Amino acid sequence: MRPRPVWLLGCALAPVLLLTACTSHNDPAPSQGPSSPAAHRSGGAQADKKLTAQAQSALDAASDDGSSMVESGVERVSDGVHTRPDLAQGTDYKLTVVCAGKGAAEIVVAPSGAGGKKAVPCDGSVVFERLTAEGTLKVDVQGEPGAAGMIAWRINKA
């Protein structure tokens, strides 16, 4: 068996080296840069966490200790709150909503006799709405155009 020349090995490796050189970067890893999509999602998650804590804290401070909670949650303003709570007929309830972020949202209760429409500023203010269960009740909290942040909400027996 005759040894193959070293230059043949060099010719075989040359395309691999060229391909590697064309695809490598001298920049730091782009996924760790501040303008990468992953960094924005991470920053957005941190902002959501902070706004959630603010809204939840205001909601907890405003809630009645003696009343029984029926339903609660925290949602992004862009997603809104959409619930059909299972409430006892003819019983009064209190909906408490806090929005932390920017812009405003609006509470819409249907049927209109069970509640109504009410503005919710996304400045951490606590907004209350009285609800009376009359048939199937639908509660929506929708962000207005340009609004962003987190909505914390709770329905308590009045």
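Residues numbered from 1 in each chain as written. Predicted model: local features only at pLDDT ≥ 70, side-chain atom pairs only at ≥ 80, totals over all residues. Heavy atoms only, no water.

Focus on the overall build of the protein
Of the regular secondary structure elements, the protein holds two helices and six strands. Counting helices and strands in the order they occur from the N terminus, the protein gives α-α-β-β-β-β-β-β. Here the protein holds 158 residues, and 31% of them are scored as buried. Excluding contacts between residues fewer than 6 apart, the proportion of contacts in the protein whose partners are at least 24 apart in sequence is 74%. (Helix = DSSP H or I, 4+ residues; strand = E, 2+ residues; numbered from the N terminus. Buried < 20%, exposed > 50% of the residue type's maximum accessible area, 1.4 Å probe, protein only. Contact = heavy atoms within 4.5 Å.)

Regarding the state of the cysteines
By definition, a disulfide links two cysteine residues through a covalent bond between their sulfur atoms. One pass over the structure, following the stated rule, counts one disulfide. Shown here is the disulfide that connects Cys-99 with Cys-122, its sulfur atoms set 2.0 Å apart. Torsion about the S-S bond of the Cys-99 and Cys-122 cystine: about 80°, corresponding to right-handed handedness. Within this pair, whereas Cys-99 is found in strand 3 (residues 92-110), its partner Cys-122 is found in strand 4 (residues 117-132), the two being separated by 23 residues in sequence. Residue Cys-99 is classed as buried on the basis of its relative accessible area, which comes to 0%. (Disulfide = S-S within 2.5 Å.)

Looking at the pairing of strand 3
Where strand 3 meets strand 4, 13 bridges bridge the pair, whose relative direction is antiparallel. Its bridge partner lying in strand 4, Val-97 is registered against Val-127. Examined bridge by bridge, strand 3 and strand 6 (residues 148-157) share 10 bridges and lie antiparallel to one another. If you follow Thr-96 over to strand 6, its bridge partner there is Arg-154. Here strand 3 runs beside strand 5 (residues 138-143); their pairing, made up of six bridges, is antiparallel. Across the sheet, Ala-110 pairs through a bridge with Lys-138, a residue of strand 5. (Pairing = 2+ DSSP bridges.)

Focus: the pattern of salt bridges
A complete count under the given rule lists four salt bridges for this structure. One salt bridge in this structure joins Asp-60 and Arg-154, with 2.9 Å as the shortest N-O distance. Note that Asp-60 is positioned in helix 2 (residues 37-62) and Arg-154 in strand 6, a separation of 94 residues in sequence. In this structure Asp-60 comes out as partly exposed when scored by relative accessible area, which is 40%. Salt-bridge contacts for Glu-129 lead to Lys-118; the nearest nitrogen and oxygen are separated by 3.6 Å. (Salt bridge = Lys/Arg side-chain N within 4 Å of Asp/Glu carboxyl O.)

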